[in-house]
Amino acid sequence: MRLLIFASLLAPSLVFAQDDKRDVLNPDQLAEKEIKLEVQRTAPSSVTLPFTSIKIIDSRSDTSKIGYLFGGGIGIKKKFKKMVLHGGISNAIEKYYNEYYAGSFTQNDFELLIVMKRLWISGNAKSNNKRIEVATSVGGNNSLYCKWEYYLGKNGAYFPVKRLDTVIYFDENVIKYIDEEFSEKRQSYLKFGLKALVEILDYSNAINQFSKQPKKTLAAIVEYNNRVNAIPVLQDGEFKKGVYLSFEEFKNNEPSIRDFREKKTKYQLVNSENYLENSNGETIGNYWGYSDGKEFRFGMLGNEKIYRIQNTFCFFIKVEGYTINTDNEGFSGQGSGISTTSKSKYKIWVPYQLDMETGEIY
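This section reports on the structure supplied with the text. (Residues numbered from 1 in each chain as written. Predicted model: local features only at pLDDT ≥ 70, side-chain atom pairs only at ≥ 80, totals over all residues. Heavy atoms only, no water.)

Here the structure, examined in full by the defined rule, presents 26 aromatic pairs. A ring pair is formed by Tyr 145 and Tyr 362, whose centres lie 4.3 Å apart and whose planes are at 40°; its orientation type is tilted. A residue pair is termed long-range when its members are at least 10 positions apart, and Tyr 145 in strand 8 (residues 143-154) and Tyr 362 in the segment after strand 19 (340-353) qualify at 217 residues. Just as Tyr 145 is buried, Tyr 362 falls in that class too. On the basis of an interplanar angle of 75° and a centroid distance of 5.9 Å, the ring pair of Tyr 287 and Tyr 290 is categorised as edge-to-face. Among the aromatic residues, those joined into a cluster by ring pairs are Phe 239, Tyr 244, Phe 247, Phe 250, Trp 288, Phe 296, Phe 298, Phe 313, Phe 315 and Tyr 352. Sitting over the face of the ring of Phe 210, Lys 215 holds its NZ or CZ atom 4.8 Å from the ring centroid. (Phe/Tyr/Trp six-rings, centres within 6.5 Å; stacked < 30°, edge-to-face > 60°. Helix = DSSP H or I, 4+ residues; strand = E, 2+ residues; numbered from the N terminus. Buried < 20%, exposed > 50% of the residue type's maximum accessible area, 1.4 Å probe, protein only. Lys NZ or Arg CZ within 6 Å of the ring centre and 35° of its normal.)

What follows is the structure, given as structure tokens:
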């Protein structure tokens, strides 16, 4: 029997500008796991929707994937894969919705517009934005993080219906199902979340109020949702040198401490850890991150580089632990009752991404 225990958690490394060279510490260079979101059956007759179609706009900071999954690849920095949908995220979900609800739509002039601000499947446990905890099972504690805006549209005019910011928790290990053959049974957990995000709302009041309320154009909605990317850290082109004490300082690219020195301390003979000192030689503690003007290092768990992907940043967290192997077979292999236990060191790099709105890490 093998028991996996994560014994220690070190910090991630993160980088602002990317080049064409392969960097094994950049999660964006992980292999992809493509998922075909297929419809095996349509919605039951009890489901009726007061519009004729569903349109999806992907307004997330990273539109290339919906999470990372544990794939068991070769190499400690290749154990995970990027989770993508066949045909693109927004196209795949829009196609799925319109096929699944084909018999539930009402033939009129209305459409439902969904703007996805957040859609992320996470199999990695976290406590808050200041400390990340990795569970005993990397694939456990699966959650679907969602922030969606709903509009009812007609003749090019759109009425805001609802903004939904929620987390859907899965009782089963969705990562395990996704990594295996993605049959209808395996897809059920992801599909359950997608269906709930449409069927949870009552659209009747929006239909009744549509003609009486102010509305927006599609261009205005797109422009409004693009404003989230108009922040200094995404616009400036480089990090300002200094120590950043909070996520807000990082967003604004304005470090509180401009004069600092990076030093290194050794422990256990071969291991070392970076730390910072101010101009007076005093140790700087509890900082969010720091930059030498070129690279940015996330300081909360070990001073490692960050990597920009579209309008957000990704990174690895190095988890070191050990496996316990228990053998109860005895010398003859007949189960003598004599147990032997051995330990072997285990190391894995877990990818995460930064939510640029909240500062939380998934």
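Now that the structure has been shown, the text picks up again.
On to the sheet that holds strand 4 (residues 54-58), then. With mixed pairing, five strands are arranged side by side in an open sheet as 4-7-8-9-10. Strand pairing shows two members of the sheet lacking a second neighbour, strand 4 and strand 10 (216-217), which therefore form its edges. Pairing of strand 9 (residues 157-169) with strand 10, which is carried by two bridges, proceeds in the antiparallel orientation. Among the inter-strand pairings, Tyr 158 is bridged to a residue of strand 10, identified as Lys 216. (Pairing = 2+ DSSP bridges.)

Before going further, it helps to spend a moment on unusual backbone geometry. Phi at Asn 253 is positive, roughly 55°, even though this residue is not glycine. By the secondary structure assignment, Asn 253 is in the loop between helix 7 (247-251) and strand 12 (260-267). Take Asn 253: its relative accessible area is 1%, and that puts it in the buried class. A positive phi angle, close to 55°, is found at Gln 310, a residue other than glycine. Along the chain, the position of Gln 310 falls in the loop between strand 17 (304-309) and strand 18 (312-327). A relative accessible area of 35% places Gln 310 in the partly exposed class.

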